[in-house]
Amino acid sequence: MSESSALSSTKAIASLADLRLWMAHQGLEAAYVTSPVSIAYLTGFRANPHERLMALAVRGGSATLVVPAIERDRAATNSHQVPVQAWRDGEDPYALVLEALGQCVRLGVEKEHLTVRAAESLGSVVGARELVDLAPELRRLRRNKSHAELEKLERACAITDSVAEELRAGPRPGQSELALAVSISAAIGERDAAPSFEPSVQSGPNSAIPHHNPGGRKLEAGDLVLFDFGAAFEGYPGDLTRMAVVGAPTSRQREVYSVVLQAHDTAIEALRAGA
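Calculation criteria
Residues numbered from 1 in each chain as written. Predicted model: local features only at pLDDT ≥ 70, side-chain atom pairs only at ≥ 80, totals over all residues. Heavy atoms only, no water. Buried < 20%, exposed > 50% of the residue type's maximum accessible area, 1.4 Å probe, protein only. Helix = DSSP H or I, 4+ residues; strand = E, 2+ residues; numbered from the N terminus. Pairing = 2+ DSSP bridges. Right-handed = clockwise from strand over helix to strand, strands pointing away. Core = buried A, V, L, I, M, F, W, Y, C linked by side-chain atoms within 4.5 Å. Contact = heavy atoms within 4.5 Å.

Asks: Can you lay out helix α2 (residues 36-43) for me, pointing to particular residues and giving the numbers?
Replies: Within α2, 6 of the 8 residues are buried, which leaves the element mostly enclosed by the surrounding structure. When we look at burial in α2, the residues that qualify are S38, I39, A40, Y41, L42 and T43. Where α2 ends, the next residue or the one after it, G44, has phi of about 90 degrees, a positive value.

Below, the structure written as structure tokens:
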């Protein structure tokens, strides 16, 4: 095992122990963790199950990772000291959930991630009558970053900055928003990272639309262009937003930019713990 993997393993084991301690204080019989981000944090295994059930079941001193069969081998290799149970399409995954959790009345779940259908299934299968939200506690645990986690964040941000430097060459008239967005994803991939989210490129009037999806609009001279993207390294994401101008900026564009930059710098100067 590499030093990085060993550090990740130690962090996951310690975090799972902290979660069990919180469960005991809350009087919870068990916990059912379903967010892929939380599962990765607590076990080291990263996957997107899409429509299939994937969950970490924690009860007492035991924990079981329930995954689709197509993820069995990868989960067994990457989950740190957490046994894996897999189910095939056509089988009932809740049979494995019942085996891992047993019957319990008070159950910890991530309410922001759990669907109504899943909550009803838990009620009928394991007898859960009270669902206690453990998402705030998981967020609290994740705020304390290990050295290895900080290194991954730094790497993600460095890759994101590197791609942003490429964009300084400036967008050209005739390029489409969608083509630029695809090129950003490709540049991130060339640096052995993945996009944190689907890159956004918004040009001209589209730059004023919050969360506009890149389309076929062609860039024109004088357009303001908004880039919003980030690189994720081993699950830890970077994120930034940059503005560009197609061609030389006008005096009005420079004026607006200066106002935004001043507000940006003032906010950073005021940033401190407790503010």
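Asks: Tell me what's going on with the pairing of strand β5 (residues 106-109), and back it up with residues and numbers.
Replies: Bridging between strand β1 (residues 30-33) and β5 involves 3 bridges; their strand directions are parallel. Considered in β5, the bridge of Y32 is made with V109. Here 4 bridges tie β5 to strand β6 (residues 130-133), and the two strands are oriented parallel to one another. When the bridges of β6 are listed, L107 appears paired with L131. Handedness of the crossover joining β5 and β6 through helix α5 (residues 116-126) is recorded here as right-handed.

Asks: Tell me what's going on with the nonpolar core, and back it up with residues and numbers.
Replies: Counting residues in each nonpolar core, the largest one holds 25 residues, and the members touching the most others are L16, L42, L56 and L65. Take this core: its biggest share by element is 4 residues, from helix α1 (residues 3-26). Ignoring anything within four residues of it in the chain, the contact list for L16 reads L42, L56, V58, A63 and V82. By size, the runner-up hydrophobic cluster in this structure holds 21 residues, among which are A193, V201, F229 and F233.

Asks: Before we move on, can you summarise the pairing of strand β2 (residues 55-59) with the specific residues and values?
Replies: Among the 5 residues of β2, 4 are classified as buried, and the element is accordingly described as predominantly covered. Alignment of β1 against β2, held across 4 bridges, turns out to be antiparallel. Each residue of the ladder has a partner; that of A31, found in β2, is V58. With 5 bridges connecting them, β2 and strand β3 (residues 62-68) associate as antiparallel partners. Counted as the bridge partner of L56 is L65 from β3.

Asks: Kindly report on unusual backbone geometry, identifying the contributing residues and their values.
Replies: For residues that are not glycine, phi is negative in most cases, and the peptide bond is trans in most cases. The backbone of H50 shows a phi angle near 55 degrees, a positive value even though the residue is not glycine. With respect to the helices, strands and loops of the structure, H50 is situated in the loop between α2 and β2. Positive phi, close to 60 degrees, is recorded for H211, a residue that is not glycine. If you trace the backbone, H211 turns up in the loop between β8 (200-203) and β9 (224-229). The exposed category is assigned to H211, whose relative accessible area is 74%.

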